Amino acid sequence: MNCTDNKIIIAIDGFSSSGKSTMAKELAKRIGYRYIDSGAMYRAVTLYALEHDMILADGSVDVESLVAALGDINIDFLPCADGQHTLLNGRDVEKEIRTLRVSSSVSPVAVIPAVRHALVAKQQAFGDGRGIVMDGRDIGTTVFPDAELKIYVNAPAETRAHRRWLELQEKGDTTTTYEQVLENVVSRDHIDMTREESPLRRADDAIDLDNTEMTIDEQNEWLLNQFNRALTGKK
Ligand code: DC
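If you're wondering where the values come from, they're calculated on a predicted model, not measured in any experiment. (Residues numbered from 1 in each chain as written. Predicted model: local features only at pLDDT ≥ 70, side-chain atom pairs only at ≥ 80, totals over all residues. Heavy atoms only, no water.)

**What to know about the sheet that holds strand S2 (residues 34-37)**
For step 1, the next point in the chain: Pairing within the open sheet is parallel, and its five strands lie in the order S2-S6-S1-S7-S8. Whereas interior strands pair on both sides, the edge strands pair on one side only; in this sheet they are S2 and strand S8 (207-210). Strand after strand, the sheet turns through a mean of 20° between neighbouring axes, direction not considered.
For step 2, the next point in the chain: In this sheet, strand S6 (residues 132-136) lies alongside S2 in parallel orientation, the contact comprising four bridges. Directly across from Arg 34, in S6, lies its bridge partner Ile 132.
For step 3, the next point in the chain: Here helix H2 (residues 38-51) sits on the sheet in contact with S2 and S6, set at roughly 45° to S2. (Pairing = 2+ DSSP bridges. Helix = DSSP H or I, 4+ residues; strand = E, 2+ residues; numbered from the N terminus. Axes fitted to C-alpha atoms, helices over the stretch in contact; angles between N-to-C directions. Contact = heavy atoms within 4.5 Å.)

Shown next, in the form of structure tokens:
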């Protein structure tokens, strides 16, 4: 037996702005696992596409050019004092990938099968050796169907839009309105659920969490309990 034998994979899926990243990050910190934000990877590819004029004026994607460029897109994560930063070809893009410009273009990028295949392969490689907390839309269904702990987080669109709008305000964005954020959340929910490739879907063996009425501390405690249970079940 070696020390990795008892490490598990934790898959946390859910709608945008459901608070899953906050709790996933905190759990990873508490239990000493690596945290991977799979949404950040789709956002980084989107930023690359925007910067290389592959998102057309009507919002559609120049799929051929983007697919041809996939080999040139390297995404990684760098642990920093304020949390993990996303690197796009070695450049820290953590702030840029969270802007509404990227949020508004990410859905049509995330539906491209070749983009998904490339990112899923990279996500699975991050999980080699287990000991990982990953959040996204298809982690429990497609990326790690064998994850020992799967959580499906949900909350109404208005609650999630309000959270994302507050986050933007805290980051100094005073121009984006709540209505714009809500519109973006609703439209992304729709695309996430109805796309052909790996739609957002609750894994049959996932544990549901509606966190509307929970504080962040309560969510963290709840998740830690689920982790301890999953670990006990594995022993
Ligand atoms: O979680 P997020 O809002 O940062 O995700 C950004 C986008 O990426 C969102 O539109 C859905 C997509 N995504 C996905 O399709 N599959 C994942 N595993 C993670 C995110």
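**A word on the packing of H2 against helix H5 (residues 113-126)**
For step 1, the next point in the chain: Orientation of H2 relative to H5, taken along the N-to-C sense of each, is 140°, at an axis distance of 11 Å. One way to sum up the angle between H2 and H5 is to call them oblique. The interaxial crossing formed by H2 with H5 has right-handed handedness. Residue-level contacts link Ser 38, Met 41, Tyr 42 and Val 45 of H2 to Val 115, Arg 116, Leu 119, Val 120, Lys 122, Gln 123 and Phe 126 of H5.
For step 2, the next point in the chain: Of the residues in the contact of H2 with H5, the class split is seven nonpolar, two polar and two charged. (Parallel < 35°, antiparallel > 145°, perpendicular 65-115°, else oblique. Left-handed = near helix turned anticlockwise from the far one by under 90°. Nonpolar A, V, L, I, M, F, W, Y, C, P; charged D, E, K, R; others polar.)

**What about the nonpolar core?**
For step 1, the next point in the chain: Judged by nonpolar contacts, the single largest core of 39 residues is most densely connected at Val 45, Leu 66, Ile 73, Val 115 and Met 134.
For step 2, the next point in the chain: Where this core is concerned, the elements lending two or more residues are strand S1 (9-14), H2, helix H3 (63-69), strand S3 (75-80), helix H4 (100-110), H5, S6 and helix H6 (139-143).
For step 3, the next point in the chain: Ranked by residues supplied to this core, first place goes to H2 with nine residues.
For step 4, the next point in the chain: Sequence-distant contacts of Leu 66, that is, excluding residues within four places in its chain, are made with Val 45, Tyr 48, Ala 49, Met 54, Val 61, Ile 73, Val 109, Ile 112 and Val 115.
For step 5, the next point in the chain: Membership of the second largest hydrophobic core comes to 21 residues, among which are Tyr 35, Leu 149, Val 153 and Leu 209. (Core = buried A, V, L, I, M, F, W, Y, C linked by side-chain atoms within 4.5 Å. Buried < 20%, exposed > 50% of the residue type's maximum accessible area, 1.4 Å probe, protein only.)

**Considerations on the site of the ligand**
For step 1, the next point in the chain: Within the structure, the ligand sits among 17 residues, and Arg 43, Arg 116, Asp 138, Arg 188 and Arg 195 are positioned closest to it.
For step 2, the next point in the chain: Between a nitrogen atom of the ligand and a side-chain N or O atom of Ser 38, the distance comes to 3.0 Å.
For step 3, the next point in the chain: Taking Arg 195, its side chain carries an N or O atom lying 2.8 Å from an oxygen atom of the ligand.
For step 4, the next point in the chain: Isolated, the ligand exposes 450 Å² of accessible area, and the fraction of that covered by the protein chains is 98%.
For step 5, the next point in the chain: Of all the elements in the fold, those that place two or more residues in the shell around the ligand are H2, H4 and helix H8 (178-194).
For step 6, the next point in the chain: It is H2 that provides the largest number of residues to the shell around the ligand, a total of four residues.
For step 7, the next point in the chain: Per-class residue counts for the shell around the ligand are four nonpolar, five polar and eight charged. (Near = heavy atom within 4 Å. Polar contact = N/O pair within 3.5 Å; in protein donor to acceptor, adjacent residues only side chain to side chain. Areas by Shrake-Rupley, 256 points an atom, 1.4 Å probe, with all protein chains shown as cover.)

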